[in-house]
Structures are given as C-alpha cells and as structure tokens.
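Listed here are the chains, written in short residue letters.
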Amino acid sequence: MSPVIFPVLWNGETLHADLNEGYCIAIPLDHDRPQPNAYFAPPYDAIPHHEGEWIGDTRQGASVNFYDIRLNPHGNGTHTECVGHITKERHSVHRALGPGRWIAQLISVYPLLIENGDRIINEIDWDEGIEAIILRTLPNHADKKGRIYSNTNPPYLSSEIAKRMAEKNIEHLLLDLPSVDRENDEGALAAHKAFWRYPENKRLNATITEMIFVDNAVPDGLYLLEIQIPALELDASPSRPYIYPLR
Ligand SMILES: [Zn+2]
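From a predicted model like this one, the values you see are computed outputs, not experimental measurements. (Residues numbered from 1 in each chain as written. Predicted model: local features only at pLDDT ≥ 70, side-chain atom pairs only at ≥ 80, totals over all residues. Heavy atoms only, no water.)

**Q** Is there a simple way to think about the coordination of the zinc ion in this case?
**A** Put simply, the ideal angle at a metal is 109.5 degrees for four donors in tetrahedral geometry and 90 or 180 degrees for six donors in octahedral geometry. Coordination of the zinc ion by the protein involves His-74 (ND1), His-79 (NE2), Glu-81 (OE) and Glu-210 (OE), with metal-donor separations of 2.0 to 2.5 Å. Between the four donor atoms coordinating the zinc ion, the angles at the centre fall across 77 to 171°, so the site counts as irregular. Residue classification places His-74 among the buried residues on the basis of a relative accessible area of 17%. (Donors = N, O, S within 2.8 Å, 3.2 Å for Na, K, Ca; no water. Tetrahedral: all angles 85-135°; square planar, octahedral: opposite > 155°, others 65-115°. Buried < 20%, exposed > 50% of the residue type's maximum accessible area, 1.4 Å probe, protein only.)

**Q** Help me understand the sheet that holds strand β11 (residues 119-121), please; the structure alone is not making it clear to me.
**A** Adjacent strands of a sheet form backbone hydrogen bonds with each other and so pair up, either parallel or antiparallel. Taken in spatial order, the three strands of this open sheet run β10-β11-β13, and their pairing is mixed. A strand with exactly one partner marks an edge of an open sheet, and here the two such strands are β10 (112-113) and β13 (156-157). Examined bridge by bridge, β11 and β13 share two bridges and lie parallel to one another. Bridge assignment links Ile-121 to a residue of β13, and that residue is Leu-157. (Pairing = 2+ DSSP bridges. Helix = DSSP H or I, 4+ residues; strand = E, 2+ residues; numbered from the N terminus.)

**Q** Would you mind showing me how to read the nonpolar core here?
**A** Where a protein is soluble and globular, its nonpolar side chains tend to be buried together. Membership of the largest hydrophobic core comes to 36 residues, with the highest contact counts inside it found for Ile-124, Trp-126, Ile-133, Leu-135, Leu-157, Met-165 and Phe-195. Looking at this core, the element that brings in the most residues is helix α3 (residues 190-196), giving four residues. Ignoring sequence-local partners within four residues, the contact set of Leu-157 consists of Ile-121, Leu-135, Met-165, Leu-173, Leu-175, Val-180 and Ala-191. The next biggest cluster of nonpolar side chains, apart from the first, holds 18 residues, and it includes Ile-25, Ala-96, Tyr-223 and Ile-243. (Core = buried A, V, L, I, M, F, W, Y, C linked by side-chain atoms within 4.5 Å. Contact = heavy atoms within 4.5 Å.)

**Q** Sorry, what's going on with a nonpolar patch on the surface here?
**A** Residues Trp-54, Val-64 and Phe-66 make up a contiguous nonpolar surface patch of about 280 Å² in total accessible area. Turning to its location among the elements, Phe-66 is positioned in the loop between β6 (54-55) and β7 (67-70). (Patch = residues over 30% accessible without salt bridge, like charges linked within 9 Å, V, L, I, M, F, W, Y side chains within 5 Å. Areas by Shrake-Rupley, 256 points an atom, 1.4 Å probe, with all protein chains shown as cover. Salt bridge = Lys/Arg side-chain N within 4 Å of Asp/Glu carboxyl O.)

Everything listed is a geometric property; what it means functionally is a separate question.
Following this line, the structure appears as structure tokens:
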C-alpha cells in the first residue's frame, strides 16, 4: 500500500501520520482461545445458529457461517465506554465518539504500591496539547491478552489523576487494565466520575477504553488515535483502537 500522509497540527508544529502504517491495540476475542475477562462476566462466545435441523456452520453442511454471539462489553476484552456507563439517563458510546481522530500520547507506567497493598497510577506527565492518553502498565506481559481479572484487585487510577485529565481536556483515556477504578470500591467509581465530571458537568464526548494491549515493540510517544466501534446504542461497545505514529 502506498503511504497516505495525514498532517496534524500540534502546538504550532505540523506532524504527519501515515494512515497505512498503524498498530492495532485491541485484544482480538476468540471463543476458542484464552480471552481477558473481568467482573465475572460470562465469557465471549460465538456459536452457530440453529434453526430446526439447520446449523449455521459450513463445516457442518451449511452453505454459510451464521453465528450467534454473546458478549458483555465491560467484561470481555477491549471495549470503549462513555459516561452512560454510570448515569441513569442513557448515553451511547456510538454518539459520544462521532467522527474524528485524536492526538494521543502512549505512556508506559509502573503502578505504585501503596500501604494497603493496592497498586495505583497516581503520577504521570504528558505533553501539552494532546487529546488522548494511552497507558501501558508495566510489567507488560503478553498474558494480559488472556488474563482473568475477577477478584484479583488489579491496579487502578487515583481520582486525582483522572480529575487532572478532565481539567486538561483529555477526551479519551485508554489503558490495559479492566477498570480505571478499584475492582471493589463499594460503588464509589471515583476515577470514572472524576474523568467524566459526573454529575456536575458531564463530559458527553469523553471516553474510556479498557483492556487494550500495546505490544512492547511499540515505543512511547505521540500517535494519531482512531477508535473503531460497531454502531451500538449502548453505554459501551467492543472496540478496535488503532494508533499511527506521528513524526
Ligand atoms: Zn468498562
């Protein structure tokens, strides 16, 4: 493929991304392989549809594959969510995202161990003028692609850092953890609320993407971000974020 060069204005400087040279940072879901899971959600599954004698699978005699899928976006792999995750009113991530690409910074970070044994992300620095933050937590093992997080108290974000992101107009936050909040925080959802400025000043276009995986071969730095989702009118959707190096 020939390069498709896309210019981006950033702090008065013009950077360029090649839209044919990106990295997918989603974890593909495969019902036959280990898959990441959180909050005891039923695992993603895909089964051939049955209609009487007919089974929707070419290997079982049908002329087409015709599968039913079962999926819980928050519990099954890479997904993007909007403020509708925590509001009584319905907000859909399909509407929250709209069209667009954003200047993102990929940042690797070691969560900090605190006295109660929790590991938190409390301090990160980012460049001025970026619109999205992608957090790769360290150590970064490939087993994140199939990790079962339920009841493991994974690392999470402090509400202070989530608040700072909202103040600095970070529209999109992506991370390789199952939640920005503590697994069990008695429903406080402090980081979710701080990031979305809920309830006082809801950020309807801001999104959080959880359970991504960024390969170690992808260096920290600036990228153009694209978040692809199916058009579901739901608070969250499975997603396929792509990042394109900005030079
Ligand atoms: Zn979620």
